[in-house]
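Geometric and topological summary
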Amino acid sequence: MKKKNNISKILLSILFFISIHKINAFGGVINMDINGNSVETLEIIMLLTVMSLLPSILIMMTSFTRIIIVLSFVKNALGLQQTPPNQVMIGIALFLTLFIMSPVIEEINVDAYQPYKNEEITQQEFFTKASEPIKVFMLKQTGNSELKMFMDMSRDEELKSTENLQELPLTIIIPSFVTSELRRAFVIGFLLFIPFLIIDMIVSSILMSMGMIMLPPVMISLPFKLLLFVLVDGWALLFKTLITTFNF
């Protein structure tokens, strides 16, 4: 009983000590120093949000979309299921994208990143200067019909009457660019399918004329499609064609 009373006294003493020595909580805005400027907590949260979405944003604003779709069409046209693996296809698309976008990256580095790193421009000026080369690249790849469609759907009279397309916001340019990229990728995929489809039709006709209906035509046509692809140096021809389809 005495032991319980002693424990109770100790606990009451601790609570009394804590109540006397109160610690005042800081309820203000936490500031951090970024590139010589004080940045509030809300701005840091928004910056982290943009950084988390950066991979998706960059994929939609570069040549990656067209390349990966065309590579997928080639894989399906050949009738291959697991070869090459998806990791290899994505790696090829990433490095081809890096090769195509290298002039844009270099321009952003010289005009935007280096001045911002040297504290010569502000963060807002950095985003403005960095977006200009990307806008130029996307506008060169964007069709007039797609751009006009999104300009009309914006219901903004100032945007509809804009003569300098460089002044258009990214909210108009990015969806127009993605739509145009999807259209071009599907056109290239259709053209790639035609020779392989002809081989499938020839093999199917030969098998039917020989009465070998139970033999799957895909199994017989696959070696011929691979042979054709190798003889014409298909991968090098495909990569060269993909790179030259972009207007530099």
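Presented here is a report on the structure given in the accompanying data block. (Residues numbered from 1 in each chain as written. Predicted model: local features only at pLDDT ≥ 70, side-chain atom pairs only at ≥ 80, totals over all residues. Heavy atoms only, no water.)

1. As for helix H6 (residues 144-153)
Regarding H6, the residues found buried are Glu146, Leu147, Phe150 and Met151. Down the axis of H6, the buried side of the element spans an arc of 130°, and every buried residue falls inside it. Set apart from the buried face of H6 by more than 90 degrees, the exposed residues are Asn144, Ser145, Lys148 and Met153. Remark: arginine 155 follows H6 within two positions and exhibits a positive phi of approximately 60°. (Buried < 20%, exposed > 50% of the residue type's maximum accessible area, 1.4 Å probe, protein only. Helix = DSSP H or I, 4+ residues; strand = E, 2+ residues; numbered from the N terminus. Arc of directions from axis to C-beta.)

2. Structural notes on the packing of aromatic side chains
For the structure on display, the rule yields seven aromatic pairs. For the pair phenylalanine 137 and phenylalanine 246, a centre-to-centre distance of 6.3 Å together with 15° between the ring planes defines the contact as stacked. One end of the pair, phenylalanine 137, is in helix H5 (residues 123-141); the other, phenylalanine 246, is in the segment after helix H10 (234-244), and 109 residues separate them in sequence. For phenylalanine 137, a relative accessible area of 6% puts it in the buried group. Accessibility expressed as a relative area gives 3% for phenylalanine 246, which makes it buried. By way of ring pairs, the aromatic residues Phe196, Phe229, Trp235 and Phe239 are connected into one cluster. (Phe/Tyr/Trp six-rings, centres within 6.5 Å; stacked < 30°, edge-to-face > 60°.)

3. Let's talk about unusual backbone geometry
For aspartate 233, which is not a glycine, the phi torsion comes out positive at approximately 55°. Looking at where aspartate 233 falls in the secondary structure, it is placed in the loop between helix H9 (217-231) and H10.

4. Remarks on a nonpolar patch on the surface
A grouping of Val187, Phe190, Leu191, Ile194, Ile198, Ile202, Ile206, Met210 and Met212 is seen on the molecular surface, where their side chains present a nonpolar patch of about 840 Å² in accessible area. Examined against the element boundaries, valine 187 turns out to sit in helix H8 (residues 170-209). (Patch = residues over 30% accessible without salt bridge, like charges linked within 9 Å, V, L, I, M, F, W, Y side chains within 5 Å. Areas by Shrake-Rupley, 256 points an atom, 1.4 Å probe, with all protein chains shown as cover. Salt bridge = Lys/Arg side-chain N within 4 Å of Asp/Glu carboxyl O.)

5. Things to note about the nonpolar core
In terms of nonpolar packing, the biggest core is built from 44 residues, with Ile67, Phe137 and Met138 touching the most fellow members. Among the elements of the structure, helix H3 (64-78), helix H4 (86-117), H5, H6, H8 and H10 are those that each provide at least two residues to this core. When residues of this core are assigned to their parent elements, the largest contribution, 10 residues, is made by H3. (Core = buried A, V, L, I, M, F, W, Y, C linked by side-chain atoms within 4.5 Å.)

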